[in-house]
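Summary of structural features
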Amino acid sequence: MTASLFINGKWTEGTGTRRGKLLNPSTGAEIGEVAFAEKADLNAALTAAEAGFRVWSQTSAYERSRILRKAADLARQHAGAIAEAITREQGKPLAEARMEAGSAGDHIDWYAEEARRTYGRVIPARTPSTQQMVLFEPVGPVAAFSPWNFPIGQLVRKIAGALAAGCSVIAKAPEETPTCAIKLVECFERAGVPAGVVNLVFGVPSEISEHLITSPIIRKVSFTGSVPVGRHLGALSAQHLKRTTMELGGHAPFIVCDDVDIAAIAGLGVALKFRNAGQVCASPTRFLVQDGIYDAFLDAFVSGAKNLKVGDGSAEGVQMGPVAHARRLDAMEGFVRDAVEKGAELKTGGSRIGNEGFFFEPTVLADVPLSARVMNEEPFGPIAVVNRFNDLEDAIAEANRLPYGLAAFAFSKRTDRTDRLMRGIETGMMSINHFGLAAPETPFGGIKDSGHGSEGGSEGIQAYLTTKFVSQLNA
Ligand code: NAD
């Protein structure tokens, strides 16, 4: 099977012959290929997006909302097949894939509702014969780059946000996981989104981003991925004066005070850390635990990590699947070796499992020195670091030490402590005493090197709108 491109309302294998290989990360077996877009295909997508923008930006918000709601219904109807495709190509357990696919409809519905709420405002003028108005208008055709870790969750936010605002979009979805992206785009197609409004391409990421971002047709760039790539695309966008939304990496602190229910919070920490094999931008990485409960928490956390059932994501009861590709295995081995060499204690895991598929053990490192790479670079895999703190201010200083600022977690029964942590930690998102991030109606995004702009929430649609001020003297 060859996964295809969607350009100007038609599915095509493109004008070239280059193909990417699709692998099942649970077996390492080749399971298909994906057509790569060539320059001619990208030019066709640009022309289509330009024409699509003219049509869609003039379609009423009411009608756009109606079509989006239909797409949401279709996404729900096809969630089962979308989930299976996610697990087959990305590896996460089917239960997690079902949650991701199942929430696509909710994200589209949220943006369908937002489409009808792009209110402007009237500003009192200095003379009675003048009207001053602020209008929000769609920014133009969007280039959207989404990654493989949540191949539907990240893509759906970008497409639905752009469409709700009245923009057209060229989405470059991940080459590793194209099938679910294709199934999602089919939902927009069948819902009646006009030709050219949604376009889907795959290929060599650097070629596509260079071509699209430098095109005068593209007015907005939305990227989710690593900090170095975000920095590069941000610079390119700035050079061409394109607006950007950048959702980049994180290195979330998970601060546990000495007054919590140790078993419950350790259990939640294990579930959050090893979800999607740790390949989550908001994944907790630095577990900072207060002295009095450090040993008990570490024991509970390590035993939770040891008890996880790791295997093929499509098998019943599996809690953690493989990492998405072989290069993540090399990265994990490098992080562990470096940390142990620098004096960290390896409490469990640390190695690849078997030699079929891309499985890595749930790994816990304790008492890790700040000089270790894993304390500074996003592991983006199943590695947790558990270190201790005494004073809350020290935990805040450690949380803020890194240039990342995406997500943070804090646990205490004392509100004076959670309040201090909430105010003290530099982060785009914070979840206190539970996990509560990434709902369609709440903003998702980071600060500092983790990027800028939010997806979701009422902020999400703003990313795709420009501000027009009109001052009218009555005739
Ligand atoms: P990578 O840096 O090569 O790629 C990250 C993502 O960016 C991929 O989706 C890739 O297709 C895309 N990309 C790479 N170069 C690009 C370019 N020039 N133009 C457009 N897109 C480009 O790393 P990887 O091995 O695929 O993923 C691992 C790293 O990526 C991790 O360290 C993690 O920090 C980051 N990542 C972050 C997220 C997130 O949700 N923020 C998602 C996936 C990956």
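Residues numbered from 1 in each chain as written. Predicted model: local features only at pLDDT ≥ 70, side-chain atom pairs only at ≥ 80, totals over all residues. Heavy atoms only, no water.

If you look the chain up in an unreviewed UniProt entry, it shows as NAD-dependent succinate-semialdehyde dehydrogenase from Mesorhizobium zhangyense. Reading the Sequence similarities (unreviewed entry) entry of the UniProt record for the chain gives the comment "Belongs to the aldehyde dehydrogenase family." (UniProt positions renumbered as here; feature names shortened; annotations may be inferred.)

Digging into the side chain of Asn 199
Following the sequence through the fold, Asn 199 ends up in strand 10 (residues 198-201). There is a polar contact of 2.9 Å between the side chain of Asn 199 and the backbone nitrogen of Asn 8. Contact partners of Asn 199, with chain neighbours within four places excluded, come to Phe 6, Ile 7, Asn 8, Ala 45, Ala 48, Ala 49, Val 169, Ile 170 and Ala 171. (Helix = DSSP H or I, 4+ residues; strand = E, 2+ residues; numbered from the N terminus. Polar contact = N/O pair within 3.5 Å; in protein donor to acceptor, adjacent residues only side chain to side chain. Contact = heavy atoms within 4.5 Å.)

What about the domain arrangement of the chain?
Partitioning the chain into structural domains gives domain 1 (2-248 + 450-473) and domain 2 (252-440). Once you take the C-alpha centre of each, domain 1 and domain 2 turn out to be 31 Å apart. Listed by partner, the interface residues are 26 residues for domain 1 and 30 residues for domain 2. Regarding the contact of domain 1 and domain 2, the summed buried area is about 2,200 Å², with carbon and sulfur atoms giving 57% of it. The largest share of the area that domain 1 buries against domain 2 comes from Ser 26, Trp 148 and Ser 450, three residues that together contribute 25% of it. Viewed at the interface, domain 2 and domain 1 are joined by one salt bridge. Here Arg 327 and Glu 176 are joined by a salt bridge, their closest N and O atoms 3.3 Å apart. In this assembly, domain 1 and domain 2 are joined by eleven residue pairs in polar contact (both at pLDDT 80 or more). When contributions to the side of domain 1 that touches domain 2 are tallied by element, the ones reaching two or more residues are helix 3 (79-90) and helix 4 (94-115). (Domains from an automatic or database assignment. Buried area = accessible area lost by both parts, 1.4 Å probe. Salt bridge = Lys/Arg side-chain N within 4 Å of Asp/Glu carboxyl O.)

With respect to helix 10 (residues 294-306)
Within an α-helix, residues lying three or four positions from one another point in the same direction, as the helix has 3.6 residues per turn. Between its first and last C-alpha atoms helix 10 spans 18 Å; for 13 residues at 1.5 Å apiece the expected length is 18 Å, and the two agree. Within helix 10 the residues assigned to the buried category are Tyr 294, Phe 297, Leu 298, Phe 301, Val 302 and Ala 305. Axial view of helix 10: buried residues confined to an arc of 125°, hence all on one face. With respect to the buried face of helix 10, the exposed residues turned more than 90 degrees away are Asp 295, Asp 299 and Lys 306. Residues of helix 10 that are buried sit in contact with strand 13 (252-256), helix 9 (262-274), strand 14 (284-290), strand 15 (345-348), strand 18 (363-366) and strand 19 (383-389). (Expected span 1.5 Å × (residues − 1). Buried < 20%, exposed > 50% of the residue type's maximum accessible area, 1.4 Å probe, protein only. Arc of directions from axis to C-beta.)

Topic: the packing of helix 3 against helix 6 (residues 178-191)
Two elements in contact, helix 3 and helix 6, have axes separated by 7 Å at closest approach and are oriented at 160°. Considering the angle they form, helix 3 stands roughly antiparallel to helix 6. Relative to helix 6, the crossing made by helix 3 is left-handed. The segment helix 3 lies against helix 6, with Ala 81, Ile 82, Ala 85, Ile 86 and Glu 89 engaging Pro 178, Thr 179, Cys 180, Lys 183 and Leu 184. Partitioning the contact of helix 3 with helix 6 into residue classes produces seven nonpolar, one polar and two charged. (Axes fitted to C-alpha atoms, helices over the stretch in contact; angles between N-to-C directions. Parallel < 35°, antiparallel > 145°, perpendicular 65-115°, else oblique. Left-handed = near helix turned anticlockwise from the far one by under 90°. Nonpolar A, V, L, I, M, F, W, Y, C, P; charged D, E, K, R; others polar.)

Brief notes about the confidence of the model for the chain
Across the chain, the average pLDDT comes to 97, with 100% of residues at 70 or higher. Across the assembled chains, the prediction reports ipTM 0.95 with pTM 0.97. (pLDDT = per-residue confidence, 0-100.)

Looking at the state of the cysteines
Throughout the structure, instances matching the rule amount to zero disulfides. Just so you know, Cys 281 is unpaired, no disulfide at all, and the nearest cysteine sulfur is the one on Cys 180, 16 Å from it. The exposure class assigned to Cys 281 is buried, which follows from its relative accessible area of 7%. (Disulfide = S-S within 2.5 Å.)

Here we look at the environment of Pro 147
Tracing the chain through its elements places Pro 147 in the loop between strand 8 (142-145) and helix 5 (153-165). In this structure, the C-alpha to C-alpha distance between Pro 147 and Glu 84, residues 63 residues apart in sequence, is 18 Å. Those residues within four positions of Pro 147 in sequence are excluded, and the remaining contacts are Gln 154, Pro 174 and Thr 224.

Some thoughts on the site of the ligand
Inspection of the region around the ligand gives 23 residues, with Trp 148, Ser 209, Ser 226, Arg 327 and Glu 378 positioned closest. Separating an oxygen atom of the ligand from a side-chain N or O atom of Asn 149 is a distance of 3.3 Å. In this structure, Ser 226 approaches the ligand through a side-chain N or O atom, which is 2.8 Å from an oxygen atom. Coverage of the ligand by the protein chains reaches 85% of its 790 Å² of free accessible surface. Sorting elements by how many residues they give to the shell around the ligand places helix 7 (residues 205-213) first, with three residues. Counted by class, the shell around the ligand contains ten nonpolar, eight polar and five charged residues. When residues are assigned to domains, the shell around the ligand turns out to be shared by domain 1 (2-248 + 450-473) and domain 2 (252-440), each giving three or more. (Near = heavy atom within 4 Å. Areas by Shrake-Rupley, 256 points an atom, 1.4 Å probe, with all protein chains shown as cover.)

Let's talk about the pattern of salt bridges
Summed over the entire model, instances satisfying the criterion amount to 30 salt bridges. A salt bridge links Arg 18 to Glu 207, with the shortest nitrogen-to-oxygen separation between them at 2.8 Å. With Arg 18 in the loop between strand 3 (10-12) and strand 4 (19-23) and Glu 207 in helix 7, this pair connects stretches of sequence that are 189 residues apart. Residue class for Arg 18 comes out partly exposed when judged on its relative accessible area of 31%. Arg 76 is the partner of Asp 73 in a salt bridge, and the nearest nitrogen-oxygen pair spans 3.5 Å. With Asp 73 and Arg 76 both in helix 2 (residues 61-77) and three residues apart, the pair spans about one turn of that helix.

Topic: the nonpolar core
A general tendency of soluble globular proteins is for nonpolar side chains to be buried together. Membership of the largest hydrophobic core comes to 85 residues, with the highest contact counts inside it found for Ile 108, Ile 159, Leu 163, Phe 188 and Leu 212. In terms of residue count, helix 4 provides more of this core than any other element does, nine residues in total. Among residues more than four places away in sequence, those in contact with Leu 163 are Trp 56, Arg 64, Leu 68, Val 169, Phe 188, Val 193, Val 197 and Val 198. Residues Val 270, Leu 329, Phe 335 and Ala 366 belong to the second largest nonpolar core, which totals 53 residues. (Core = buried A, V, L, I, M, F, W, Y, C linked by side-chain atoms within 4.5 Å.)

With respect to the sheet that holds strand 13
As summarised here, the arrangement of the seven strands in space is 15-18-19-14-13-20-21, forming an open sheet in which the pairing is mixed. In this open sheet, the two strands that pair with only one neighbour each are strand 15 and strand 21 (429-432). For this sheet, the mean angle separating the axes of adjacent strands, direction not counted, is 20°. The sheet strands contacting helix 9 are strand 13, strand 14, strand 18, strand 19 and strand 20 (407-411), and the helix crosses strand 14 at an angle near 165°. The sheet strands contacting helix 10 are strand 13, strand 14, strand 15, strand 18 and strand 19, and the helix crosses strand 19 at an angle near 170°. (Pairing = 2+ DSSP bridges.)

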